[in-house]
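# Geometric and topological summary
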Amino acid sequence: YALDLAGMGESEWTQDTDLGFSAHVDRTLAFATHLGLSSYHVLGHDTGGTVARLLAVKDSERVRSVTVVDTEIPYKFPPAVTLLQKLHGNPLTRWILKRALASEMFVESNSGYGGFFADRSFFTDEFMQLFVHSWHRTRHAYGGLMAYLCAVDPKIVDTLDEVHARTRVPMLFIWGKGDRVFPLKYAREMVAKIPGDAHLVEIDKAHFLPHEEQPDAAADALLTFLQSS
């Protein structure tokens with residue numbers, strides 16, 4: 001099952017929807033309950049990786065393993081997200097930001113998504129449609145993206161060392177070696193501090209989206225981990 005968290009993709013949301021990490025965890029837990037799952041494994045990328053880790057602690061009776069891909073690191077909150085949250089708070093800069101995020105030239109620059117890929121040829125028409133133009137198809141879709149990003153709380157991220165210490169299931173961290181959003185050296189430090197069963201797999205020739213750039217390597221790491229779990 002592949003879930004769009006509320007505010008992202010096709011998931012429904014309203015102005016009253018709580019888009020904080022804890023609410024995403026509660027909805028995902030409720031989804032598993034609705035399906036009648038007695039146990040399950042969870043995987044998340046980026047902010048979804050934080051939701052996955054929090055979920056593993058809250059639903060410890062059912063979660064059997066956690067896999068996260070290029071995700072938040074305690075005390076290393078991405079400056080770009082902080083800047084975006086500040087810009088969105090002002091009507092003028094909010095308008096400028098929306099125009100910039102609709103521009104393919106800006107998106108492909110280092111100020112946009114330029115650092116997402118080791119190989120720039122991955123900026124295909126399909127990628128642009130899914131990760132750029134889809135956000136601008138309606139005002140509601142763009143509003144969901146911004147509300148989601150503005151709800152990302154660095155204070156929750158800074159508790160992840162404690163969350164890792166409370167996690168009682170195997171954990172796999174998959175990382176693109178060239179990730180500029182969440183640099184690998186900090187990921188190594190984070191995983192090294194985890195007292196439980198935690199492993200880091202580093203993917204060559206990949207940045208923030210190793211599952212896109214090197215899908216075979218990412219899938220092999222995931223399947224090996226799940227089979228052993």
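Residues numbered from 1 in each chain as written. Predicted model: local features only at pLDDT ≥ 70, side-chain atom pairs only at ≥ 80, totals over all residues. Heavy atoms only, no water.

### Considerations on unusual backbone geometry
Non-glycine residue Tyr 75 carries a positive phi angle of around 65°. By the secondary structure assignment, Tyr 75 is in the loop between strand E2 (63-71) and helix H3 (79-87). A relative accessible area of 58% means that Tyr 75 is categorised as exposed. Notably, Lys 205 is not glycine yet its phi reads approximately 55°, a positive angle. Here Lys 205 shows up in the loop between strand E4 (198-203) and helix H11 (210-213). For Lys 205, a relative accessible area of 68% translates into the label exposed. (Helix = DSSP H or I, 4+ residues; strand = E, 2+ residues; numbered from the N terminus. Buried < 20%, exposed > 50% of the residue type's maximum accessible area, 1.4 Å probe, protein only.)

### Observations regarding helix H2 (residues 47-58)
The end-to-end C-alpha distance of H2 is 17 Å, a good match for the 16 Å that twelve residues give at a rise of 1.5 Å each. Summarising burial for H2: eleven of the twelve residues are buried, a large majority. (Expected span 1.5 Å × (residues − 1).)

### So, the sheet that holds strand E3 (residues 171-176)
Strands sit in the order E1-E2-E3-E4 across an open sheet of four strands; the sheet is parallel. Looking at which strands have only one partner, the edges of the open sheet turn out to be strand E1 (40-46) and E4. Sheet twist, expressed as the average angle between the axes of neighbouring strands with direction ignored, equals 15°. Relative to E2, E1 is paired through seven bridges, and the arrangement is parallel. Residue pairing in the sheet places His 45 in a bridge with Val 69 of E2. Sheet contacts for helix H10 (residues 184-192): E3 and E4; angle to E4, the most-contacted strand, approximately 165°. (Pairing = 2+ DSSP bridges. Axes fitted to C-alpha atoms, helices over the stretch in contact; angles between N-to-C directions. Contact = heavy atoms within 4.5 Å.)

### Some remarks on the nonpolar core
Formed by 50 residues in total, the largest nonpolar core has its most connected members in Val 63, Val 66, Tyr 113, Met 146, Phe 173 and Trp 175. Discounting chain neighbours no more than four positions away, the residues touching Met 146 are Leu 84, His 88, Leu 97 and Leu 101. In this structure, Ala 206, Ala 221, Leu 222 and Phe 225 belong to the second largest nonpolar core, which totals eight residues. (Core = buried A, V, L, I, M, F, W, Y, C linked by side-chain atoms within 4.5 Å.)

### So, the packing of aromatic side chains
Tallied over the entire structure, the rule returns ten aromatic pairs. Considering the side-chain rings of Phe 116 and Phe 208, the 4.8 Å spacing of their centres and the 50° angle between planes classify their relative orientation as tilted. You can see Phe 116 sitting in the loop between helix H5 (104-107) and helix H6 (125-131) and its partner Phe 208 sitting in the loop between E4 and H11, a full 92 residues away along the chain. Seen from their ring centres, Phe 182 and Phe 208 are 6.1 Å apart, and the 45° between their planes marks the pair as tilted. Of this pair, Phe 182 sits in the loop between E3 and H10 while Phe 208 sits in the loop between E4 and H11, placing them 26 residues apart in sequence. Each member of the pair, Phe 182 as well as Phe 208, carries the same accessibility label: buried. In textbook terms, an aromatic cluster arises when at least three aromatic residues are bridged by ring pairs, as seen for Tyr 113, Phe 116, Phe 117, Phe 122, Phe 123, Phe 127, Phe 131, Phe 182 and Phe 208. (Phe/Tyr/Trp six-rings, centres within 6.5 Å; stacked < 30°, edge-to-face > 60°.)

### A word on the pairing of E4
Bridge count for E3 against E4 is six bridges, and the pairing is parallel. Each residue of the ladder has a partner; that of Gly 176, found in E4, is Ile 203. For the crossover that starts at E3, traverses H10 and ends in the parallel E4, the hand is right-handed. (Right-handed = clockwise from strand over helix to strand, strands pointing away.)

Keep in mind these numbers describe shape, not what the thing actually does.
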